[in-house]
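Spelled out, the chains give:
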Amino acid sequence: MDSCIAVERELEKVLSKFGSIKDYTDKTLGDLIEYVCNLQRELNEVPNENEIVATQALIMGQCIKKVKDTVARIASEHRDVHSAVSKVGKSIDRNFTADFGTTSAEEVFEGSDKAQLLNQVICEHFYRQGMLDIGEELVKEAKLTIDEHKKEPFFELNRILDGLKHHDLQPALKWAQENRQNLMQQNSKLEFNLHRLMFIELISQGVDKQEEIIHYARQNFPLFAGQHESDIQALMGSLLYIRQGIADSPYNYLLDPIHWLDICDLFTRDACALLGLSVDSPLSAQSINFVFVDSINAGCTALPALLNIKQVMLQRQVTGVWSSRDELPIEIDLGREYRYHSVFACPILRQQSTESNPPMRLMCGHVISRDALNKLASGNKYARNMLKCPYCPVEQTPAEARLIHF
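Presented here is a report on the structure given in the accompanying data block. (Residues numbered from 1 in each chain as written. Predicted model: local features only at pLDDT ≥ 70, side-chain atom pairs only at ≥ 80, totals over all residues. Heavy atoms only, no water.)

## Overview of the overall build of the protein chain
Note the following rule: Each helix is a run of H or I in the DSSP string that is no shorter than four residues. Each strand is a run of E no shorter than two, and both are numbered from the N terminus. The rule is simple: take the accessible area with a 1.4 Å probe, protein chains only, and divide by the maximum for that residue type; under 20% is buried, over 50% is exposed, in between is partly exposed. Residues are treated as being in contact if the distance between any of their heavy atoms lies within 4.5 Å. In short, Shrake-Rupley with a 1.4 Å probe defines the accessible areas, and a residue's cover is counted only from the protein chains shown.
Scanning the protein chain for helices and strands turns up 14 helices and 7 strands. Within the protein chain, buried positions represent 29% of all 406 residues. Residue pairs in contact within the protein chain that sit at least 24 positions apart in sequence constitute 56% of those at least 6 positions apart. As displayed, the protein chain offers around 27,800 Å² of accessible surface, 52% of which is attributable to carbon and sulfur atoms.

Pasting the structure below:
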């Protein structure tokens, strides 16, 4: 995006210069043509047998000089336009690189093992999208071995989602009750929202369901009264309008179809969280082309920075540094959207924590890496058993620091 903006900025300069030069040229040439035409009319009025006097010769010389100066000035302005146009081309070459080969590693998918992993990812995508037949066919053709217990969660998830799309809440309610403990640990609202939607479905059927509605509320809502008291009060208040119809009451918002879309999204998000999966599939299908959406988007975000560092490496002749390491030569922030795990960078050493260099919490609450802690402790020559926090004056011993996990 920054590259497009940079090129667009140069293009706007060219268009602006074109517009100003056109206006100037039209006015200048118009004035010059009018001047020459007036002079020509004056000369035509003089008889042919009369000789040109000195004054007339001087006027003719001035006219010729004015024409030459005007043409030279317009030609100079025209050269400036050519210069501005060439800057657009240079800006395109600078901001858009046609050769992206140096920023990728083609060997990533080389080998039968990696090809099999790729096929497994594609199968998982088909299972997640509910295209079970296609997934099974790919398993046969690619000769993959996928355990049945790995397939079943996808089958169940799609079966429940299909029921929700047809306004059938029973499969989802059964699944939520079976996984209630895990859902409560992640503060999920799924089970309550399912009961809430079931209550709305019952109350929308009119006064004939009044006893069933009250029985359903007494049976299912007490468990959620502590966290969803206001929602339950609103639902019970809607019973006052059951005879005239909820659609003609202040509670008509309960019948909004958006609630069914929301429950599908909520179920997908919580179910994927329990399965340890991301909400969106890493593989997206468009026609017959398959692309790794997350990888493509992340790559497009990181590509400008990678191309810039590539140019710097080429100028300094250190291109081998990149290919000889398993990590990027610079840190690239892709934003929270593509951050899938916690990363701690030591504020002292400016390094990301690892298993051998984990984050350590000091007594004052500040967090640094273990390597930084050791360097601070070894750097204190006078009191080796004490160290001072680099951010506050609290003194403590290295043994008081505690290992923490993000």
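The discussion continues.
## A look at the sheet that holds strand S4 (residues 367-369)
Counted only if it meets this: Strand pairing requires that DSSP identify at least two bridges connecting the strands. Helix axes are fitted only over the stretch in contact, all axes being lines through C-alpha atoms; the angle between N-to-C directions runs from 0 to 180 degrees.
Here we have 3 strands laid out as an open sheet, ordered S4-S3-S7, and antiparallel in their pairing. Two strands bound the open sheet, and with one partner strand each, they are S4 and strand S7 (402-403). Across the sheet, helix H14 (residues 370-379) lies against strand S3 (359-361), S4 and S7, angled at about 90° from S4, the strand it touches most.

## Re the packing of aromatic side chains
Rules: Here a Phe, Tyr or Trp ring, Trp counted by its six-membered ring, pairs with any other such ring whose centre lies within 6.5 Å, and the pair is stacked when the planes are under 30 degrees apart, edge-to-face when over 60, and tilted otherwise. Should the NZ of a Lys or the CZ of an Arg lie within 6 Å of a ring centre and within 35 degrees of the ring normal, that charge is described as sitting over the ring.
Scanning all chains against the criterion turns up 6 aromatic pairs. With 5.1 Å between their ring centres and 75° between their planes, Trp175 and Phe267 make a pair best called edge-to-face. Taken together, the residues span a long stretch of sequence, with Trp175 in helix H6 (residues 170-178) and Phe267 in helix H11 (residues 258-275) at a distance of 92 residues. Neither Trp175 nor Phe267 differs from the other in exposure class; each is buried. Centroid distance Tyr241 to Tyr251: 5.8 Å. Interplanar angle 50°. Geometry classified as tilted. Pair noted here: Tyr241 is in the loop between helix H10 (229-237) and H11 and Tyr251 is in the loop between H10 and H11, with a separation of 10 residues, a long-range link. Taken together, Phe192, Phe199, Phe221 and Phe224 form an aromatic cluster joined through their ring pairs. Just above the ring of Tyr35 sits the side chain of Lys66; from NZ or CZ to the centre is 4.4 Å.

## Comments concerning the packing of helix H5 (residues 148-165) against H11
Selection criterion: Put simply, angles under 35 degrees are roughly parallel, angles over 145 are roughly antiparallel, angles from 65 to 115 are roughly perpendicular, and the rest are oblique. Note that Gly is not counted as nonpolar here; it falls among the polar residues with everything else outside the nonpolar set of Ala, Val, Leu, Ile, Met, Phe, Trp, Tyr, Cys and Pro and the charged set of Asp, Glu, Lys and Arg.
Packing of H5 against H11 brings their axes to within 10 Å, and their N-to-C directions diverge by 170°. Taken together, the axes of H5 and H11 are roughly antiparallel relative to one another. Every residue of H11 that contacts H5 at Pro153, Leu157, Ile160, Leu161, Leu164 and Lys165 is listed here: Trp260, Ile263, Cys264, Phe267, Thr268, Ala271, Cys272 and Leu275. For the contact of H5 with H11, the class distribution of residues is 12 nonpolar, 1 polar and 1 charged.

## Notes on the pattern of salt bridges
Going by this rule: Salt bridges are defined as contacts in which a side-chain nitrogen from Lys or Arg sits within 4 Å of a carboxyl oxygen from Asp or Glu.
Summed over all chains, the structure comprises 5 salt bridges. In this structure, Lys27 engages Asp31 in a salt bridge whose closest nitrogen and oxygen atoms are separated by 3.3 Å. Taken together, the residues span about one helical turn, with Lys27 and Asp31 both in helix H1 (residues 2-45) at a distance of 4 residues. You can call Lys27 exposed: its relative accessible area is 57%. A residue is classified by how much of its surface remains accessible, and Asp31, at 40% relative accessible area, is partly exposed. Glu212 is paired through a salt bridge with Lys209; the nearest N and O atoms lie 3.3 Å apart.

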